[in-house]
Amino acid sequence: MIIEQLYTGCLAQGAYYIESNGEAAIIDPLRETSPYIRKSDKAGAKIKYVFETHFHADFVSGHIDLAQKTGATIVYGPNANTTYEAYHAKDGETFTLGHLTIKVLHTPGHTLESTTYLLIDETGKDHAIFTGDTLFIGDVGRPDLAIKGDLTEHDLAGMLYDSLQTKIMPLADDVIVYPAHGAGSACGKNMSKETTDRLGNQKRFNYALRTKSREEFIEKVLDGLTTAPAYFAENARLNKEGYESIDRVLQRGSQTFSPDAFEAAVNETGALILDVREAADFAKGFIPNAINIGLNGQFAPWVGALIPDLMQPIALVAPEGQEGETVLRLARVGYDNCIGFLEGGFSAWQKAGKEVDQIDSIPAEEFASRWQQNPHIPIVDVRKSTEFAAEHVAGASTIPLDNINDHMADIPRHEPVYVHCAGGYRSMVANSILKARGFDNVINVEGGLAAIRNTAVTVTSGVSVL
């Protein structure tokens, strides 16, 4: 028996490869199919099943392409109505994989179709559960993403409680928990950095499993939920209804443009220029109106949060050698309309003598000097509201990056505005958006609050909203 977790950090997502006696199954695959096919081919195994725990909202799954390329059967649990061919299993139904058995445990609550898969080894012993977004390490799935008709988040939270109590809690303490996500995912609020654990530890330490009543569980699970990213509903729809082949998406996105052709293509298609270089490199020079979302941060979730239209044409500026990776990571969250990238990157644009823009970026020490001269300078903190409440620069205003497109009117246009986050990634994203919207007086504070703490600037707690 082989179980391998294939964890993708930028999405905080875990897919799983299971193999026994020449047969393999994939659980919750990412959109690219080649890693799973290579793994099974190397082992001389045939991919028999693609098990989906639910209609994922935070990424586009690779189940459809993977089934078409391998002949595998797509398996969902109850209530998963799809527009493509899939097997819809009954609660308690079992599947044979080599010497192993995989049992369907319908666990609605995160969504109505949410299903946990129980892996039973060749001796008949319960070995592991693949919980999707039903149970995380340290948390449970949020129950507010699948509200329909008269169904409320309160109703779904109650279903989740029942699912956990009747399907998960009775299992033995030594059963291994393999969730679909870890810390950093927006599918929960209190996930651990650990990506697997024994169920017994979760029974003891997971706040949601330690509640003493259904009412207490519902109250705690619903408390503190933030607004779901805008792209979640569209990703769930794609996973339910189908999508374009990943091979065609990657081929289209691999088109290269000279600087002149890049400029013409952007003007012709109305493409958004997405520059995925490091924040410090972007600040020194970029194509006017380009948006910076660095590839080395939580790239895909921020693209999903800040570019509302999945069909928006996108023209890429990327470090040389990372263009294909960027197109793939866009496709993982459903952004399939990448028209290509600037060949030679930003340096080619500069060499061609094209117009460039810059963002004023200053060290924390310089920011401290200016703050001491005038503690009332406009400061915008783009961290999450919970981060801001914990500590922030005295006099700063909070506009979380997720909401910046809705709060342009709250930001001064005609005087310098100092923008920071925790470490510098999010503030450069925010500054690039503001620059593209005509804010010419934005100033980035390098190193964010982590650097500001080491200066004379007063850092306090409490809430102050612009």
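The structure under discussion appears in the preceding block.
Residues numbered from 1 in each chain as written. Predicted model: local features only at pLDDT ≥ 70, side-chain atom pairs only at ≥ 80, totals over all residues. Heavy atoms only, no water.

### Looking at the overall build of the protein chain
When helices and strands are counted, the protein chain shows 16 helices and 24 strands. Taking 466 residues into account, the globule formula puts the C-alpha radius of gyration at 23 Å, and the protein chain, at 24 Å, falls close to it. Expressed along its principal axes, the backbone C-alpha trace of the protein chain runs to roughly 70 × 50 × 40 Å. Counting over 466 residues, the protein chain shows a buried share of 56%. Measuring between centres, the 40 positive side-chain charges of the protein chain sit 3 Å from its 61 negative side-chain charges. (Helix = DSSP H or I, 4+ residues; strand = E, 2+ residues; numbered from the N terminus. Rg over C-alpha atoms; globule rule 2.2 N^0.38 Å. Buried < 20%, exposed > 50% of the residue type's maximum accessible area, 1.4 Å probe, protein only. Lys, Arg positive; Asp, Glu negative; His and termini not counted. Charge placed at Lys NZ, Arg CZ, Asp CG, Glu CD.)

### Thoughts on the packing of aromatic side chains
Within the structure shown, the criterion is met by 15 aromatic pairs. Look at tyrosine 49 and phenylalanine 51: their rings are 5.2 Å apart centre to centre, the planes differ by 40 degrees, and that puts the pair in the tilted class. Judged by its relative accessible area of 12%, tyrosine 49 is buried. The exposure class of phenylalanine 51 is buried, given its relative accessible area of 0%. Pairwise contacts between aromatic rings join Tyr49, Phe51, Tyr87, Phe95 and Tyr117 into one cluster. We note lysine 354 situated over the ring of tryptophan 349; from NZ or CZ to the ring centre the distance is 5.9 Å. The ring centre of phenylalanine 439 lies 4.0 Å from the NZ or CZ of arginine 413, which sits over that ring. (Phe/Tyr/Trp six-rings, centres within 6.5 Å; stacked < 30°, edge-to-face > 60°. Lys NZ or Arg CZ within 6 Å of the ring centre and 35° of its normal.)

### A short note on the pairing of strand E17 (residues 338-342)
E17 sits mainly inside the fold: five of its five residues count as buried. Summarising the sheet, strand E13 (residues 256-257) and E17 pair through two bridges and their orientation is parallel. Each residue of the ladder has a partner; that of threonine 256, found in E17, is phenylalanine 341. Following the backbone out of strand E16 (residues 314-317), through helix H11 (residues 323-332) and into the adjacent parallel E17, one traces a crossover that is right-handed. (Pairing = 2+ DSSP bridges. Right-handed = clockwise from strand over helix to strand, strands pointing away.)

### Here we look at the packing of helix H10 (residues 299-306) against H11
Their axes nearest at 9 Å, the elements H10 and H11 cross at an angle of 55 degrees. What the angle tells us is that H10 and H11 run oblique. Every pair of crossing elements has a handedness; the one defined by H10 and H11 is right-handed. Counted together, Phe299, Ala300 and Val303 of H10 and Thr326, Arg329 and Leu330 of H11 form the full contact between these two elements. Classifying every residue of the contact of H10 with H11 gives four nonpolar, one polar and one charged. (Axes fitted to C-alpha atoms, helices over the stretch in contact; angles between N-to-C directions. Parallel < 35°, antiparallel > 145°, perpendicular 65-115°, else oblique. Left-handed = near helix turned anticlockwise from the far one by under 90°. Contact = heavy atoms within 4.5 Å. Nonpolar A, V, L, I, M, F, W, Y, C, P; charged D, E, K, R; others polar.)

### Side note on the state of the cysteines
Counted by the stated rule, this structure contains zero disulfides. No disulfide involves cysteine 187; its sulfur sits 14 Å from the nearest other cysteine sulfur, which is in cysteine 10. What makes cysteine 187 buried here is its relative accessible area of 1%. Distance from the sulfur of cysteine 338, which forms no disulfide, to the nearest cysteine sulfur (cysteine 10) is 16 Å. (Disulfide = S-S within 2.5 Å.)

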